[in-house]
Amino acid sequence: MRLLVDVMCGGIVSYLRMCDHDTVYAGDRGLEADDDALAVARNEGRTIVTRDGPLASRIDDSILLESREVEDQLAELAAAGVDLTLADDPAFCGRCNGPLERVDPAAATPDYAPNPAEFETWVCRDCGQHFWRGSHWDRVAETLVRVRESADE
Ligand SMILES: [Zn+2]
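Read on for an overview of the structure.

Calculation criteria
Residues numbered from 1 in each chain as written. Predicted model: local features only at pLDDT ≥ 70, side-chain atom pairs only at ≥ 80, totals over all residues. Heavy atoms only, no water. Helix = DSSP H or I, 4+ residues; strand = E, 2+ residues; numbered from the N terminus. Expected span 1.5 Å × (residues − 1). Contact = heavy atoms within 4.5 Å. Donors = N, O, S within 2.8 Å, 3.2 Å for Na, K, Ca; no water. Tetrahedral: all angles 85-135°; square planar, octahedral: opposite > 155°, others 65-115°. Buried < 20%, exposed > 50% of the residue type's maximum accessible area, 1.4 Å probe, protein only. Core = buried A, V, L, I, M, F, W, Y, C linked by side-chain atoms within 4.5 Å.

Digging into helix 6 (residues 135–152)
Okay, step 1: The end-to-end C-alpha distance of helix 6 is 26 Å, a good match for the 26 Å that 18 residues give at a rise of 1.5 Å each.
Okay, step 2: Structurally, helix 6 contributes buried residues whose contacts are with helix 1 (13–18), helix 5 (70–79) and strand 7 (130–132).

Right under this line is the structure:
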């Protein structure tokens, strides 16, 4: 999905990107004003995810969240039909939403990243951040399992 997450819901942004949703965070683009967020959503064909009822009511393509907690917000999204399955081959940078590409197993990587010959690794073409399926990925996967279970109840 193509999403625009408003400034009140920043905690869910990286989860959505890791689940292969093209996710613009309003805070990254300075879209604090409703009119600005609506214009971007319309121009780019994005569904607005927000806790702001009046904002959601101004556009058909919106998902209104009630919770303040990240896991509860994710459960609300799952209940609204947003697929929260981690991507096999992630396409969007969790930090900036830029395009990811696979790192060659023989390539050099920064000190914080593992050896790409041992771990599948991706790099963001926009911000240069490296990603791999390490402990952070595992924690996100566990969270999403809980979220999908609670959404099914
Ligand atoms: Zn990036």
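Structure shown, so let's carry the discussion forward.
Brief notes about the coordination of the zinc ion
Okay, step 1: At 2.3 Å from the zinc ion lie its protein donor atoms, namely Cys93 (SG), Cys96 (SG), Cys124 (SG) and Cys127 (SG).
Okay, step 2: For the zinc ion, the four donor atoms in the first shell make angles of 101 to 117° at the metal, a pattern classed as tetrahedral.
Okay, step 3: Counting residues between consecutive donors of the zinc ion along the chain gives the motif C-x2-C-x27-C-x2-C. Here cysteine 93 is found in the loop between helix 5 and strand 5 (100–102), whereas its partner cysteine 124 is found in strand 6 (residues 121–124), with 31 residues between them in sequence.
Okay, step 4: Residue cysteine 93 is classed as buried on the basis of its relative accessible area, which comes to 0%.

Describing the nonpolar core
Okay, step 1: Counting residues in hydrophobic clusters, the biggest one holds 24 residues, and the most contacted among them are Val5, Ile12, Leu16, Leu74, Leu77, Leu84 and Leu144.
Okay, step 2: Secondary-structure elements contributing two or more residues to this core are strand 1 (2–5), helix 1, helix 5 and helix 6.
Okay, step 3: Once residues lying within four places of it in the same chain are set aside, the contact partners of valine 5 are Ile12, Val13, Leu16, Thr23, Val24, Tyr25, Ala26 and Val49.
Okay, step 4: Leu4, Ala26, Val40 and Ala41 belong to the second largest nonpolar core, which has eleven residues in total.

So, helix 5
Helical geometry note: an α-helix holds 3.6 residues per turn, so side chains three or four residues apart project in the same direction.
Okay, step 1: Within helix 5 the residues assigned to the buried category are Gln73, Leu74, Ala75, Leu77 and Ala78.
Okay, step 2: Against helix 1, strand 3 (47–50), strand 4 (62–64) and helix 6 lie the buried residues of helix 5.
Okay, step 3: Trailing helix 5 by a residue or two, glycine 81 shows a phi angle of about 100°, which is positive.

Notes on the environment of aspartate 61
Okay, step 1: Turning to its location among the elements, aspartate 61 is positioned in the loop between helix 4 (53–57) and strand 4.
Okay, step 2: Residue classification places aspartate 61 among the partly exposed residues on the basis of a relative accessible area of 42%.
Okay, step 3: Non-local contacts of aspartate 61, meaning those with residues more than four positions away in its chain, are made with Arg46, Thr47 and Ile48.

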